[in-house]
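Structural overview for review
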There are 2 protein chains.
Amino acid sequence: MFTPSVREALKYEAPGAWMPNITNDCIRLHAGYPAPSIVPVAELSKSLQELLEVERDRPLQYSGSPRANSLLTLVETRMQQRGIDTNRNRTLITAGSAQAIDLVAQILLTRDTIVMVEAPTYMEALETLRNYTDAIISIPTDKDGLSTVELAKILEERALQNLPMPKLLYTIPSFHNPTGVTLPLERRRHLLQLAEEYHFLILEDDAYGELYFTEAPRTLKSLDEDGRVIYLGSLSKVIAPGLRVGWVTALPKLVDTVDRFKKDLSHPLTEAMVAAYLHRIDWINRIAELRRIYRGRRDTLLQAMAKTMPDEVSWVPPDGGYFVWVHTPGVDTLKMLPAALENGVSYVAGQHFYDLGRGGTQYLRLSFSYVDESEMAEGVRILATLIRGSSNPR
Amino acid sequence: MFTPSVREALKYEAPGAWMPNITNDCIRLHAGYPAPSIVPVAELSKSLQELLEVERDRPLQYSGSPRANSLLTLVETRMQQRGIDTNRNRTLITAGSAQAIDLVAQILLTRDTIVMVEAPTYMEALETLRNYTDAIISIPTDKDGLSTVELAKILEERALQNLPMPKLLYTIPSFHNPTGVTLPLERRRHLLQLAEEYHFLILEDDAYGELYFTEAPRTLKSLDEDGRVIYLGSLSKVIAPGLRVGWVTALPKLVDTVDRFKKDLSHPLTEAMVAAYLHRIDWINRIAELRRIYRGRRDTLLQAMAKTMPDEVSWVPPDGGYFVWVHTPGVDTLKMLPAALENGVSYVAGQHFYDLGRGGTQYLRLSFSYVDESEMAEGVRILATLIRGSSNPR
């Protein structure tokens, strides 16, 4: 019944297997979304009320509304502030950056198109890419993110052997999911140089880029002279994920085609609501406030970890974003998960962040975005006890 | 840069060319969406406020909320009331039926897959199908909708000649867009019999099925013993299109695959909002009220047309839905459109409803869903005058 490409896609594990099966009273250290106290529920509700009073039915129709249309200008202004050339590039609002990843994959990939990802990387991006290609290459990372030296070796080797070359690299250069690490400027320049030399495109997922705790990293897109970077932005982490508002910024030729396949599959109502909210508040101030909130949360989690975790457990302190990537030598985190859930704490097992589960067995991802700060120490204590109990002497 | 399939898709006209370029004070007889007075703006706003008071951040997160999840049950109950077997079939909420059409096309079609459509048919479905196939066959229709006799001939002929056979028929059997006509029960049975005989699937777009003015038509899906019908429902016409809530009901094997490619590209917030709204109101009563409203609007438009249109202009009075399909002998409606817009009235030219514009030059679609009833006579008067002036003596 299905197309040959879809039949290939169905051979991979169904999406969502990474999601732990949690109960309500669980300490959700798995959760990559904002805490209830951080989501501006009342402000968003008020924004919608006012919007519907002013624009009445318009945001509820197909074709958007003045407010919905103003969102693009707000986003483009922010992009300009962050050094991205919005005259040379076109920005298109999408249903979260997830829709943009899906559409970019759909228009660029056939099943033999080689796509590179970081190992580890965002599991949902892996799921989406697997819907379109069988040829994913995992590139090693270290405490500074993607190893551009290793990447250069892999590319050089392939070129020497006359192997098919990659078309696309999917990367989260700032406050990586799941590792939390950030690519230094020199590596960013090296990466762009490699993209130019070997003619591949870079899909830059910048979901966490605004949430830095010390220094703002420069986006790859702002360094992109060659037009090789397809930039993905999102309001999921700085407002709320359920609004499904993201965007793609790239050369018009590419974005026009994304637009054709997107058609009207965006969200006129939530786009107008978000625009109304952003007009009500001081966005720059709000982002600064979020940085303080998440920095405090990171500190609380890291302090609890430093105090309680066994000596052999290690992590790289993240300088932004949502996540800490924890190395648990001798402990299979997928096997440990049922006991953790039973004891009332959740995490995402490391294997889910590796293509086909090939790696990360002794890693887990903790998130400091969702759990009450008052519960973090307890969550970490439970995990530390379990890690001690699960550890196989080597 | 793009895949071979996408490169083929880009050869077709870009989507949206059918949309007339209207000014604010235009009498919008082109508009296939509900009038401002029909959209329950205040009720939806209140529903969202209450929802966020009760469920707080949950509908704003990724994973939905109790209310968002209850939407599926509400929809399935309504499907059961309309005779559809929801045990044998699976229902998946989508971002409007537009997302469902897109995903069904994506998983079933390659560029040489033969897809049949009615001539004329919904222009946005044509645009979506053209993104995935080059092999569209247009099947003639008459005042009772799809001619199943013509369809049988075409299929028989293809089979005799050993030509590749169609995989899918896209149809709007009830209150068709743009023709407004409805397929009689005998033709529905004949169509299902042909689908069984020639092994094709039927994509049934039932966007208008609830909006009947005399008798409720039976859905194809409720008559579908063979599992060949993929049913598409929508709340766009019975609540508001900007919510982007629709669904697909079909055999689990197909819907599971739609779900994999849909991933989390749905709208947790608007789904929860709609569910909250449907819990607040009496849905059955509301649909009955909408039937009365749209019947009154149809009557007003048809009366104005009967009074003012030249004798040679003709139409089939629709028994439900939003549209009247008007035959204007001797008048090229695409050529007449700029003058109509200049005179303050809009319509959709007939050609846009034919694949590759091959037909419908002397037809136009009027909608009675949006325009104030008090303005309909004036809109029709302007059109009648233009038709008289544009008519070429034959």
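A quick note: this is a predicted structure, and the numbers were derived from the prediction, not measured. (Residues numbered from 1 in each chain as written. Chains lettered and ligands numbered in written order. Predicted model: local features only at pLDDT ≥ 70, side-chain atom pairs only at ≥ 80, totals over all residues. Heavy atoms only, no water.)

Structural notes on the overall build of chain A
Rules: Strands are runs of DSSP state E lasting at least two residues, helices are runs of H or I lasting at least four, and both sets are numbered from the N terminus onward. In this setup the radius of gyration rests on C-alpha atoms only. A globule is expected at 2.2 Å times the number of residues raised to 0.38. Per-residue accessibility, obtained with a 1.4 Å probe over protein chains only, is compared with the maximum for each type, and a residue is labelled buried under 20%, exposed over 50%, and partly exposed between these values. Note that accessible areas follow from Shrake-Rupley with a 1.4 Å probe, and for residues the cover is restricted to the protein chains shown. Under the counting rule used here, the positive set is Lys and Arg, the negative set is Asp and Glu, and His together with the chain ends is not counted. Charge placement uses NZ in Lys and CZ in Arg. For Asp and Glu, CG and CD serve respectively.
Per the secondary structure count, chain A includes 12 helices and 14 strands. The C-alpha atoms of chain A give 21 Å as radius of gyration, which agrees with the globular expectation for 394 residues (21 Å, within 12%). Expressed as a percentage of the 394 residues in chain A, the buried residues total 63%. Just so you have it, chain A exposes about 14700 Å², and 48% of that area is on carbon and sulfur atoms. Treating the 43 positive side-chain charges of chain A as one cloud and the 49 negative ones as another, the clouds have centres 1 Å apart.

Side note on unusual backbone geometry
At the junction of A119 of chain A and P120 of chain A, the peptide bond is cis and its omega measures out at 5 degrees in the coordinates. With respect to the helices and strands, the residue P120 of chain A is situated in the loop between strand 3 (114-119) and helix 5 (123-130). The peptide bond linking N177 of chain B to P178 of chain B adopts the cis configuration, its omega dihedral lying at 15 degrees. Tracing the sequence through the fold places P178 of chain B in the loop between strand 6 (168-171) and helix 7 (185-198). One non-glycine residue with positive phi stands out, namely F175 of chain A, at about 55 degrees. If you trace the backbone, F175 of chain A turns up in the loop between strand 6 (168-171) and helix 7 (185-198). Despite not being glycine, L356 of chain B shows a phi value in the positive range, around 60 degrees. Tracing the backbone shows L356 of chain B in the loop between strand 13 (348-349) and strand 14 (363-367).

Things to note about the interface of chain A and chain B
Under the convention used in this document: Contacts: residue pairs with any heavy atoms within 4.5 Å of one another. In short, buried area is how much 1.4 Å probe accessible area vanishes from two parts on joining, totalled over both. Within this document, salt bridges are pairs made up of a side-chain nitrogen of Lys or Arg and a carboxyl oxygen of Asp or Glu, the two lying within 4 Å of each other. Counted as a polar contact is a pair of N or O atoms within 3.5 Å, where, for protein atoms, one must be capable of donating a hydrogen and the other of accepting one, and residues adjacent in sequence contribute only when both atoms are in side chains. Nonpolar residues are Ala, Val, Leu, Ile, Met, Phe, Trp, Tyr, Cys and Pro. Charged residues are Asp, Glu, Lys and Arg, and all others, Gly as well, are polar.
At the interface, 66 residues of chain A touch 66 residues of chain B. Taking both partners together, chain A and chain B bury about 5800 Å²; carbon and sulfur atoms supply 64% of that area. By the criterion of area lost to chain B, the three top residues of chain A are M1, Y62 and R260 of chain A, representing 14% of everything that side buries. Summed over the shared surface of chain A and chain B, the result is 4 salt bridges. The salt bridge partner of E127 of chain B is K263 of chain A, with a shortest N-O separation of 3.5 Å. Across the contact surface, chain A and chain B share 23 residue pairs in polar contact (both at pLDDT 80 or more). Of all the elements in the fold, those that place two or more residues in the side of chain A that touches chain B are helix 1 (4-9), helix 2 (41-55), helix 4 (96-108), helix 5, helix 8 (252-262) and helix 9 (268-280) of chain A. Classifying every residue of the side of chain A that touches chain B gives 37 nonpolar, 16 polar and 13 charged.

So, the sheet that holds strand 3 (residues 114-119) of chain B
Residue and element names in this part refer to chain B. Let me state the cut-off plainly: Strand pairing requires that DSSP identify at least two bridges connecting the strands. Where helices are involved, their axes are fitted lines through C-alpha atoms of the stretch in contact, as for all axes, and angles between N-to-C directions lie from 0 to 180°.
On the basis of which strands lie adjacent, the open sheet formed by 8 strands has the order 2-9-8-7-6-3-4-5 and mixed pairing. Bordering the open sheet on either side are strand 2 (90-94) and strand 5 (145-146), each of which pairs with just one other strand. Of the strands in this sheet, strand 2, strand 6, strand 7 (201-205), strand 8 (229-234) and strand 9 (246-250) touch helix 4 (residues 96-108), which is tilted by about 155 degrees from strand 8.

Section: helix 5 (residues 123-130) of chain B
Residue and element names in this part refer to chain B. Burial runs high along helix 5: 8 of the 8 residues are buried. Along helix 5, the residues that are buried comprise M123, E124, A125, L126, E127, T128, L129 and R130. Buried residues belonging to helix 5 abut helix 1 (4-9), helix 4, strand 3, strand 4 (135-142), strand 6 and strand 14.

Section: the pairing of strand 7 (residues 201-205) of chain A
Residues and elements named next belong to chain A. So the rule is basically this: With the strands aimed away from the viewer, a crossover counts as right-handed if its path from the first strand over the helix to the second runs clockwise.
In terms of residue burial, strand 7 counts as a mostly covered element, since 5 of its 5 residues are buried. Going residue by residue along strand 7, you find L201, L203 and D205 tucked away on one face and I202 and E204 tucked away on the opposite face as well. With 4 bridges joining them, strand 6 and strand 7 adopt parallel strand pairing. Counterpart to L169 in the pairing with strand 7 is I202. Handedness of the crossover is the feature at issue here: the chain leaves strand 6, passes through helix 7, returns alongside strand 7, and the resulting connection is right-handed.

Re the domain arrangement of chain A
All names here are of chain A. Our working definition: Either an automatic procedure or a domain database provided the assignment from which the domain bounds are taken.
As assigned here, chain A comprises domain 1 (17-40 + 288-390) and domain 2 (41-280). Taking only C-alpha atoms into account, the centre of domain 1 sits 25 Å from that of domain 2. On the domain 2 side, the residues contacting the 28 residues of domain 1 number 38 residues. Counting the surface lost from both domain 1 and domain 2, the interface buries some 2800 Å², and carbon and sulfur atoms represent 62% of this. Counting the surface domain 1 buries against domain 2, the share from its top three residues, P40, R291 and D355, is 26%.

Notes on the relation of the copies chain A and chain B
Stated formally: Only residues with pLDDT of at least 70 in both copies contribute their C-alpha atoms to the least-squares superposition of the copies.
Note on the identical chains: chain A maps onto chain B by a rotation of 180 degrees and an axial translation of 0.0 Å, with an RMSD of 0.0 Å. What we have between these two chains is a two-fold relation. Of the interface residues in chain A, 100% have counterparts in chain B that sit at the interface too, so the contact is made through matching surfaces.

Side note on the UniProt feature "domain: Aminotransferase class I/classII large" (unreviewed entry) in chain A
The condition that has to hold: UniProt positions are given in the numbering used here, feature names are shortened, and annotations may be inferred rather than shown by experiment.
This chain's UniProt record puts "domain: Aminotransferase class I/classII large" (unreviewed entry) on residues 68-381 of chain A. Secondary structure over residues 68-381 of chain A splits into 42% helix and 18% strand, and the C-alpha atoms at its two ends are 46 Å apart.

Overview of helix 6 (residues 148-160) of chain B
All names here are of chain B. Note the following rule: Helix span, as expected, comes to 1.5 Å for every residue beyond the first. This arc is taken over the directions from the axis of the helix to the C-beta atoms.
Taking 1.5 Å per residue as the helical rise, helix 6 with its 13 residues ought to reach 18 Å, and the 18 Å between its terminal C-alpha atoms agrees with that figure. Looking only at helix 6, the buried set comprises T148, L151, A152, L155 and R158. One face of helix 6 carries all of its buried residues, which in axial projection span an arc of 135 degrees. Those residues of helix 6 that are exposed and aimed more than 90 degrees away from the buried face are V149 and L160.

So, the sheet that holds strand 10 (residues 314-315) of chain A
All names here are of chain A. Judged by pairing direction, the sheet is antiparallel, and its 4 strands sit side by side in the order 10-11-14-13 without closing on themselves. Two strands in the sheet have a free side with no partner beyond their single neighbour: strand 10 and strand 13 (348-349). Together, strand 10, strand 11 (323-327) and strand 14 (363-367) form the strand contacts of helix 10 (residues 283-308), whose direction differs from that of strand 11 by roughly 15 degrees.

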